[in-house]
Amino acid sequence: MPYSSSLTDEEWVILEPLLLSQILPTKKQTRPPNWTKREILDGIFYQLKNR
């Protein structure tokens, strides 16, 4: 069960294109990331809500 601070699917549809934009140069990947961008944002929002 997600936390109340977790992104809904509707919110993720809005934010995902903003995170995938080519603002930053591409980085050489040496291994797959441990967490998805959505999981990272959910963690940030959880910390901000529960301060």
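Keep in mind it's a predicted model, so treat the numbers as computed, not measured.

Parameters and conventions
One numbering rule holds for all chains: residues counted from 1, following each sequence as written. At least 70 in pLDDT is required for a residue's local features to be given in this predicted model, at least 80 for side-chain atom pairs to be given and counted, and no such filter applies to totals for whole chains, interfaces and linings, which use all residues. Side-chain numbers come from the whole structure's heavy atoms, not from hydrogens or water. Each helix is a run of H or I in the DSSP string that is no shorter than four residues. Each strand is a run of E no shorter than two, and both are numbered from the N terminus. Relative accessibility under 20% of the residue-type maximum defines a buried residue, over 50% an exposed one, and the middle range a partly exposed one, all with a 1.4 Å probe and only protein chains included. Each aromatic pair joins two rings of Phe, Tyr and Trp (for Trp, the six-membered one) with centres within 6.5 Å, and gets the label stacked for planes under 30 degrees apart, edge-to-face for over 60, and tilted for any other angle.

This brings us to the environment of Gly43. With respect to the helices and strands, Gly43 occurs in helix α2 (residues 37-49). The exposure class of Gly43 is partly exposed, given its relative accessible area of 35%. It is 8.0 Å that separates the C-alpha atoms of Gly43 and Ser6, two residues lying 37 residues apart in sequence.

With that settled, the discussion passes to the packing of aromatic side chains. Taken as a whole and assessed by the stated rule, the structure comprises 1 aromatic pair. On the numbers, 4.8 Å between centres and 50° between planes, the contact of Tyr3 with Tyr46 is tilted. A residue pair is termed long-range when its members are at least 10 positions apart, and Tyr3 in the segment before α1 (9-19) and Tyr46 in helix α2 qualify at 43 residues.

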